[in-house]
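This is what each chain is made of:
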Amino acid sequence: MGREGGHGDALELHPQELDRRHWSPGRLVRVSSRRGSVLLPVRPSDAVAPAQAFIAMHAPQVNRLTTPQRCPRSKQPELKHAAVRVEAADLPWQLEAAFSAPACAAG
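The structure reproduced in this document is the subject of the present report. (Residues numbered from 1 in each chain as written. Predicted model: local features only at pLDDT ≥ 70, side-chain atom pairs only at ≥ 80, totals over all residues. Heavy atoms only, no water.)

1. What to know about the pairing of strand S2 (residues 28-33)
As a reminder, the rule being used: Here a strand pair is declared whenever DSSP counts at least two bridges between the two strands. Numbering of helices and strands runs from the N terminus; a helix is a DSSP stretch of H or I covering at least four residues, while a strand is a stretch of E covering at least two.
Bridging between S2 and strand S3 (residues 36-44) involves 6 bridges; their strand directions are antiparallel. Across the sheet, the residue bridging to Val31 is Val38, located in S3. Between the end of S2 and the start of S3, which pair antiparallel, lie 2 residues. Bridge count between S2 and strand S5 (residues 85-88): 4 bridges; the pairing is antiparallel. Pairing of Val29 across the sheet is with Ala88, part of S5.

2. So, the environment of Pro50
Cut-off, in case you're wondering: Here, residues are in contact when the closest pair of their heavy atoms is within 4.5 Å.
Within the fold, Pro50 resides in the loop between S3 and strand S4 (53-54). Residues Pro50 and His14 lie 36 residues apart in sequence; the distance between their C-alpha atoms is 5.3 Å. Ignoring anything within four residues of it in the chain, the contact list for Pro50 reads His14 and Gln16.

3. Thoughts on the pattern of salt bridges
Note that side chains of opposite charge can pair when their charged atoms are close. Rules: For salt bridges, the criterion is a side-chain nitrogen of Lys or Arg within 4 Å of an Asp or Glu carboxyl oxygen.
Applying the stated rule across the entire model yields 4 salt bridges. A salt bridge links Glu17 to Arg21, with the nearest nitrogen and oxygen atoms 2.7 Å apart. Taken together, the residues span about one helical turn, with Glu17 and Arg21 both in helix H1 (residues 15-21) at a distance of 4 residues. Its salt-bridge partner being Arg27, residue Asp90 comes within 2.6 Å of it at the nearest N-O pair. Of this pair, Asp90 sits in the segment after S5 while Arg27 sits in the loop between H1 and S2; the two residues are 63 residues apart in sequence, bridging distant segments of the chain.

4. Looking at the nonpolar core
The condition is simple: Nine residue types can take part in a nonpolar core, namely buried Ala, Val, Leu, Ile, Met, Phe, Trp, Tyr and Cys, and a core is a set of them joined through side-chain atoms within 4.5 Å. For every residue, the accessible area (1.4 Å probe, protein chains only) is compared with the maximum for its type, and the residue is labelled buried under 20%, exposed over 50%, or partly exposed between those bounds.
Among the nonpolar cores identified, the biggest contains 14 residues, and Leu11, Leu13, Trp23, Val29, Val31, Val42 and Ile55 are the most heavily contacted of them. Within the residue set of this core, elements represented by two or more residues are strand S1 (11-13), S2 and S3. Per-element tally for this core: the top contributor is S3, with 3 residues. Among all residues touching Leu13, those that are not within four sequence positions of it are Leu18, Trp23, Val42, Arg43, Pro44, Ser45, Val48, Gln52 and Ala53.

5. As for the environment of Leu39
Along the chain, Leu39 falls in strand S3. Sequence-distant contacts of Leu39, defined by excluding residues within four places in its chain, comprise Leu28, Val29, Arg30, Ala89 and Leu91.

6. Details of the sheet that holds S5
As summarised here, the arrangement of the 5 strands in space is S4-S1-S3-S2-S5, forming an open sheet in which the pairing is mixed. Looking along the sheet, the strands with just one partner apiece sit at the ends: S4 and S5.

Okay, structure coming up:
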């Protein structure tokens, strides 16, 4: 099933999966395969079946989870699916950030 746009860099799980794990949207999770692991925020999605996970193929991190084989022309991963383990990323730190855009001078 192909999906494009609007997903950003996040792990999508069915809302029941978030409830089962007692996770809130935005919770940072570690997604690991036998090839590597990445940290991503979690997002609920009814488009994902329970017990499955989705990361957009355009997210740069997805390449760390899939096979290193690439299409020689497009450089896309050969396989766009992999078995993964998803667990809470209980890090010893937290970061809060704010941004304020400067006012533009009328000219």
